[in-house]
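Structural features, examined
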Amino acid sequence: MTSATVVVEGAERSPERLSPAPKVLGLALVATGAGLALILFVAVLAGIVVPGTAFGLWFSVLGFLFAAICVFVAFTSLGMAVKSARLQKSGAVLDARALADRAKERAFVSLGISVMLLVVLAVLMLITMNDAAVAKTFFQWELIAKSSLDVVQAFGVNIFIAVIAQIFVLVFGLILAIGRMLPGKAGRPIRALAITYIDVMRAVPAIIVLYLVGFGLPLAGIPFLSDFSPVWFAIVALTLTYSAYVAETFRVGIEQIHPSQASASRSLGFSYAQTLRYVILPQAIRAVIPTLLTTFIALQKDTSLVNIIGTMDAFNQAKFYASSNFNLSSVTVVAILFVIITIPQTRAVDWMLERGNIARRGGAK
Amino acid sequence: MSFIELSGVQKSYGATQVLQSIDFAVEKHEVICLIGASGSGKSTMLRCINALETIDGGQILLDGDVISGPGVDVNALRRRVGMVFQSFNLFPHMTVLENLMLGQRKLLSRGKAEAEARSMELLKRVNMDHRAGYYPDQLSGGQQQRIAIIRAIAMDPEVLLLDEITSALDPELVAEVLNIVRDLAGDGMTMLLATHEMTFAAEVSDTVVFLEQGRILEQGPPEQIFRDPKEARTREFLRQVIEAGRL
């Protein structure tokens, strides 16, 4: 405490011993330039892309508003940078530093908004360019309204396939992971089998597995199995593919549990299998839940491949509308549906993990 | 015949011979302290008795039964031989009470009420009954180690192996753990401790064993080993310990 005060007092008496405030004038100028360029960009787009429409009006108003905010923030940054340089010259180095710091933050805020606005403008441009061709093809409200009910109903098939396949994947994936890690000489053939399966199934594209199952199983003429409906072929195919991914996820989880946990469990008298069951797996599974979710989201989306074996899912239904209306807006409905089911799952898992962590640390964050 | 007997026990990791022909005996109710530099084979010796390591030569007997070599039911053996580790190794996904009950429920087939009663009795004994519902992460190292000790005791082992159980603890937490060991010694628990706590070893043990490069160089009652060591290497080791302020 005392020594710090001494240093500052000494420093104020001899500012030349203080290292100078950082120079931020250049950064502030760049931010200002970017903001001004954006205003120009909005003006050009508003003039040529959508003149005279309500959309164009909103576009111009919001575009100019955000661009103006960018420029305003950049200007204040510029002002601070100039003042900071003046303070530096007058010897108030510490004040100059503090002001330079604020100027820097302002400049970055301005640049951040600029980047965001630029991306939004680029997307809008893509949709509205060429006489709004993209908008007319993918966002035709009449078709969206007309197809929505049927597409949503068909989406039930996607959800059914995903949920059943996910349950099978968890079980089969865990069996594969344990098989791949069996210890000792006796475990070798099973290990080899599991490794081969995982390697092959991760390599073959899901759509090809779907073909093989959907068209191969009926040909094989196996009683019961060959008489499955296309929906169940889809479940089988996705289970076969995704179990291989999930097996590797489980394996990573198991391997990251420290060997001392197994030592402790074995020293109490638990067998290898009991140690897995009571000590290793509960910790390993908890550790890989976020990775599992990522894999499951991919699986859910791959349910849209099942139309190739003739299942009437949401995407197939949407394609039906698309081809009879020469417009792809019904497909947009499918995309929106997948977004709607995916985001809550992500948040739910975040919440679950956070709650678990809080419990183990005793209520404190 | 002694309670535990090691004869000609050898163990190597690759080309490194960690234990070279250990001959050693433990009587029932005896407390044995293994001392020696890091890498002298103290921990390996304990891990061999509990079959966490398989030995490469020699034989280990527990109460007249051969417990080394192929065909031994290691799970049954380990229920008789408890072990506590340097790094506590509590199960982090379970509460203190669940840690204590798991082995009793699944391995000793105790009922829920019985296992819980036994756990709470042990928790009271180490003044931790108010922490039954806590998770290991919420406890200090000393508290975790106390739980680890009674987790082993809850299985009613015939012998307890303690592998440098205070080495990972802050100095002010060592005493609370050693008090429990002192207590157990008073109850007549047969114990083998690998330890760097020389003062404690001198106080609590019946026999002190000095290991050097995988051999037992010298063993005897603590007064003799600490006051009048016969081997030059033992004197050298103790001199270094005293220099470090540990004795």
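Residues numbered from 1 in each chain as written. Chains lettered and ligands numbered in written order. Predicted model: local features only at pLDDT ≥ 70, side-chain atom pairs only at ≥ 80, totals over all residues.

Before going further, it helps to spend a moment on the overall build of chain A. Assigned secondary structure in chain A consists of 12 helices and 0 strands. Tracing chain A from N to C terminus, the helices and strands come up as α-α-α-α-α-α-α-α-α-α-α-α. For chain A, the spread of C-alpha atoms along the principal axes amounts to about 90 × 70 × 35 Å. Long-range contacts, defined here as pairs at least 24 residues apart, represent 75% of the contacts in chain A between residues at least 6 apart. (Helix = DSSP H or I, 4+ residues; strand = E, 2+ residues; numbered from the N terminus. Contact = placed C-beta atoms within 7 Å.)

Right, let's talk about the overall build of chain B for a bit. Per the secondary structure count, chain B includes 9 helices and 10 strands. The C-alpha atoms of chain B give 18 Å as radius of gyration, which agrees with the globular expectation for 247 residues (18 Å, within 12%). If you line up chain B on its principal axes, its C-alpha atoms span 55 × 45 × 35 Å. Counting every position in chain B, which comprises 247 residues, the buried fraction comes to 45%. Long-range contacts, defined here as pairs at least 24 residues apart, represent 64% of the contacts in chain B between residues at least 6 apart. (Rg over C-alpha atoms; globule rule 2.2 N^0.38 Å. Buried ≥ 20, exposed ≤ 12 C-beta atoms within 10 Å, placed from the backbone.)

With that out of the way, let us pick up the interface of chain A and chain B. Every contact between the two is made by 19 residues of chain A and, on the other side, 21 residues of chain B. Only α9 (259–268), α10 (272–302) and α12 (329–361) of chain A provide two or more residues apiece to the side of chain A that touches chain B. Element by element, the count of residues in the side of chain A that touches chain B is highest for α9 of chain A, at 7 residues. For the side of chain A that touches chain B, the residue count by class is 6 nonpolar, 9 polar and 4 charged. (Nonpolar A, V, L, I, M, F, W, Y, C, P; charged D, E, K, R; others polar.)

Before going further, it helps to examine α10 of chain A. Helix length check: α10 of chain A (31 residues) gives 37 Å between terminal C-alpha atoms against 45 Å at 1.5 Å per residue, more than 12% under. Burial in α10 of chain A covers these residues: Y278, V279, I280, A284, L292, F296, L299, Q300 and D302 of chain A. (Expected span 1.5 Å × (residues − 1).)

For the rest of this paragraph, the subject is the pairing of strand β10 (residues 215–220) of chain B. For strand β9 (residues 207–212) of chain B and β10 of chain B, the ladder comprises 5 bridges, and the chain directions are antiparallel. Residue V208 of chain B lies in a different strand from β10 of chain B, and its bridge partner there is G220 of chain B. (Pairing = 2+ DSSP bridges.)

On to the sheet that holds β9 of chain B. Strands pair in a sheet through their backbones, by hydrogen bonds, and they do so in one of two ways: parallel or antiparallel. All names here are of chain B. Spatial ordering of the open sheet is given by β6-β7-β8-β3-β9-β10, a layout of 6 strands whose pairing is mixed. Unpaired on one side and paired on the other, β6 (81–84) and β10 mark the two borders of the sheet. Across the sheet, the axes of successive neighbouring strands diverge by a mean angle of 20°, strand direction being ignored. Bridge count for β6 against strand β7 (residues 159–163) is 4 bridges, and the pairing is parallel. From the neighbouring strand, M83 faces β7, where its bridge partner is L161. (Axes fitted to C-alpha atoms, helices over the stretch in contact; angles between N-to-C directions.)

The next subject is the sheet that holds strand β5 (residues 65–66) of chain B. Residue and element names in this part refer to chain B. Pairing within the open sheet is antiparallel, and its 4 strands lie in the order β2-β1-β4-β5. For this open sheet the edge positions go to β2 (16–26) and β5, each flanked by a neighbour on one side alone. Bridging between strand β1 (residues 4–13) and β2 involves 7 bridges; their strand directions are antiparallel. Following the sheet pairing, E5 is matched in β2 by A25.

This next bit is on helix α9 (residues 232–243) of chain B. If you check α9 of chain B, its first and last C-alpha atoms are 16 Å apart, about what 12 residues at 1.5 Å a residue would give, namely 16 Å. Backbone geometry just downstream of α9 of chain B places G245 of chain B in the positive-phi region, at approximately 75°.

With that out of the way, let us pick up the environment of L34 of chain B. All names here are of chain B. One can find L34 in strand β3 (residues 31–35). Judged by the 28 C-beta atoms lying within 10 Å of it, L34 falls in the buried class. Through-space distance from the C-alpha of L34 to that of V208 is 6.1 Å; in sequence the pair is 174 residues apart. Filtering out sequence-adjacent residues up to four positions away, L34 remains in contact with K42, M45, L192, L193, A194, V209 and L211.

Our next topic: the packing of helix α5 (residues 141–153) of chain B against helix α6 (residues 171–186) of chain B. Residues and elements named next belong to chain B. Where α5 contacts α6, the two axes come as close as 8 Å, and the packing angle between them is 15°. What the angle tells us is that α5 and α6 run roughly parallel. Judged by the sense of rotation from one axis to the other, the crossing of α5 with α6 is right-handed. Here G141, G142, Q145, R146 and I149 of α5 lie close against α6, whose contacting residues are L173, E176, V177 and I180. Residue composition of the contact of α5 with α6, by class: 4 nonpolar, 3 polar and 2 charged. (Parallel < 35°, antiparallel > 145°, perpendicular 65-115°, else oblique. Left-handed = near helix turned anticlockwise from the far one by under 90°.)

A separate point is the confidence of the model for chain A. Across chain A, pLDDT averages 86, with 91% of residues at or above 70. Every residue in residues 1–7 of chain A scores below 50 in pLDDT, and together they form 0 contacts with partners more than four places removed in sequence or on other chains. (pLDDT = per-residue confidence, 0-100.)

Looking now at the nonpolar core. Membership of the largest hydrophobic core comes to 121 residues, with the highest contact counts inside it found for A237 of chain A together with L34 and L161 of chain B. In terms of residues, this core owes the most to one element, helix α8 (residues 230–255) of chain A, which gives 14 residues. One finds A31, A34, A103 and I113 of chain A within the second-largest nonpolar core, a separate group that totals 25 residues. (Core = buried A, V, L, I, M, F, W, Y, C linked by C-beta atoms within 7 Å.)

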